[in-house]
Amino acid sequence: MLEIKNVKKSFGKQEVLKDVSLRVEKGDVIVILGPSGSGKTTLLRSLAFLEKADGGVMMLGDKSLDMHNASSKDIAWVRKRTAFVFQNYNLFANKTALENVMLGLTAGRGMKKDEAERIARKALRDVGLEDRMDYYPSRLSGGQQQRVGIARAMAVKPDVIFFDEPTSALDPELVGGVLSVMKKLAEDGVTMIVVTHEMKFAREAASKVIFMDGGVIVEEGDPETVFTHPKEARTRKFLRRIL
Ligand code: ADP
């Protein structure tokens, strides 16, 4: 359903992604692990066209796109089919939770306001925020703000949702609530690509774990295999440090 081939990206002289290829099936939950600086976020941002790759091809649905030379029309087409959950939530501070979720539907998808409101209310109920819909972000905890971010992503019913370290800005006691919303999405068959250090989530929810280091995919496989029988020395070293 989504495939990328030979994605490259450099910042100045530093090669951050070196020919990364990846295939995602419908309903996959792909967890990307790896040390800091290995290129995980850059890969995710390139997939969402928030970063322009230096080369690579993306196949999404029945379209094939040159990731370096995609037209703004093609980029808009990809954005309509994907959603992004940011580490720092990226909510509009001057909009309520409900308005934040609605905006993705009205401004983002051209939906009528009353239908957008109905869908946004359901998405907020699904993430357990039925009693916080009219709150501004400043009056919500980090965990609640991130659940608004997830509701905003779910509401547009994208083909795939990208999560960039969605719990790493949260106080430890708020992480569980966000992860359980993500696990529910995974169980509902939503296709997700998640950069995270949450090993328990990776073990329990991932259909595939990808270990990146130095801008390449070093190892990939089902979580049980990667965690208990990693093939590569670099994976073993990383897991020893983190588990
Ligand atoms: P990870 O998510 O695995 O920690 P990143 O993709 O964030 O890794 O970063 C990979 C490398 O690219 C790092 O060395 C980082 O400093 C560099 N990098 C990321 N974004 C930029 C940028 N906008 N400008 C310059 N260097 C960047």
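Procedures and definitions
- For every chain, the first residue of its written sequence is number 1, and the numbers climb from 1 along that sequence.
- Local features in this predicted model are restricted to residues whose pLDDT is 70 or higher, and side-chain atom pairs enter the listing and the counts only when it is 80 or higher, whereas totals over whole chains, interfaces and linings include all residues.
- Side-chain measures were taken over the full set of non-hydrogen atoms in the model, leaving aside hydrogen atoms and water.
- Working convention: axes come from line fits to C-alpha atoms, limited for helices to the stretch in contact. Angles between N-to-C directions cover 0 to 180 degrees.
- Secondary structure elements are defined from DSSP: runs of H or I of at least 4 residues count as helices, runs of E of at least 2 residues count as strands, and each element is numbered from the N terminus.
- Should an angle fall under 35 degrees it is taken as roughly parallel, and over 145 as roughly antiparallel, whereas 65 to 115 is taken as roughly perpendicular and any remaining angle as oblique.
- The crossing is said to be left-handed when, going from far helix to near helix, the turn is anticlockwise and less than a right angle, and right-handed when the turn is clockwise.
- The criterion used for residue contact is that any of the two residues' heavy atoms lie within 4.5 Å.
- In this classification, Asp, Glu, Lys and Arg are treated as charged, Ala, Val, Leu, Ile, Met, Phe, Trp, Tyr, Cys and Pro as nonpolar, and every other residue, Gly included, as polar.
- A pairing counts as a salt bridge when a side-chain nitrogen of Lys or Arg comes within 4 Å of a carboxyl oxygen of Asp or Glu.
- Only protein chains enter the calculation, and the probe is 1.4 Å; a residue is then buried if its accessible area is under 20% of its type maximum, exposed if over 50%, and partly exposed in between.
- Consider each residue's heavy atoms; a residue with any of them within 4 Å of a molecule or strand counts as near.
- Any N or O atom pair separated by 3.5 Å or less is treated as a polar contact, with the protein-specific requirement of one donor-capable and one acceptor-capable atom, and with residues adjacent in sequence counted only for side-chain atom pairs.
- For every accessible area listed, the method is Shrake-Rupley and the probe measures 1.4 Å; residues are considered covered only by the protein chains on display.

The name given to the protein in an unreviewed UniProt entry is Phosphate ABC transporter ATP-binding protein, and the organism recorded there is Dialister hominis.

K.L.:
What's the story with the packing of helix H3 (residues 97-106) against helix H4 (residues 113-126) in this structure? I'm lost.
P.N.:
When two helices pack together, their arrangement is given by the angle between their axes and by how far apart the axes lie. Two elements in contact, H3 and H4, have axes whose closest approach is 8 Å; the angle formed by their N-to-C orientations is 125 degrees. The orientation of H3 with respect to H4, classified from their angle, is oblique. Where H3 crosses over H4, the two elements pack in a sense that is right-handed. Listed contacts from H4 to Ala 97, Leu 98, Val 101, Met 102, Leu 105 and Thr 106 of H3 are Lys 113, Ala 116, Glu 117, Ile 119, Ala 120, Arg 121, Ala 123 and Leu 124. Each residue belonging to the contact of H3 with H4 can be placed in one class, and the counts come to ten nonpolar, one polar and three charged.

K.L.:
So what exactly am I meant to see when it comes to the pattern of salt bridges here?
P.N.:
A side chain of one charge can pair with a side chain of the opposite charge when the charged atoms of the two come close. Summed over all chains, the structure comprises 13 salt bridges. The shortest N-O distance in the salt bridge between Lys 183 and Glu 204 comes to 2.5 Å. Placement of Lys 183 in helix H6 (residues 172-187) and of Glu 204 in helix H7 (residues 199-205) is noted, with a sequence separation of 21 residues between them. For Glu 204, the salt bridge is made with Lys 200, and the minimal N-O distance between the two is 3.4 Å. Residue Glu 204 and its partner Lys 200 are located together in helix H7, separated by four residues, close to a single helical turn. Relative accessible area serves as the criterion here: at 43%, Glu 204 is assigned to the partly exposed category. It is possible to trace a salt-bridge network through shared partners that takes in Glu 3, Arg 23 and Glu 25.

K.L.:
Help me understand the environment of Val 175, please; the structure alone is not making it clear to me.
P.N.:
For Val 175, the position within the fold is in helix H6. Between the C-alpha atoms of Val 175 and Leu 243, which are 68 residues apart in sequence, the distance is 17 Å. Every residue in contact with Val 175, bar those within four places of it in the chain, is listed here: Thr 167, Leu 170 and Glu 198.

K.L.:
How should the site of the ligand be read in this particular structure?
P.N.:
Around the ligand lies a shell formed by Phe 11, Gln 14, Val 16, Pro 35, Ser 36, Gly 37, Ser 38, Gly 39, Lys 40, Thr 41 and Thr 42. One nitrogen or oxygen atom from the main chain of Gly 37 is found 2.7 Å from an oxygen atom belonging to the ligand. Within the contact set of the ligand, an oxygen atom lies 3.0 Å away from a backbone nitrogen or oxygen of Ser 38. When the ligand is considered free in solution it has 560 Å² of accessible area, and contact with the protein chains removes 61% of it. Put simply, the parts of the chain that give the shell around the ligand at least two residues each are strand E2 (14-24) and helix H1 (40-47). The biggest single contributor to the shell around the ligand is H1, with three residues. Its residues assigned to classes, the shell around the ligand comprises three nonpolar, seven polar and one charged.

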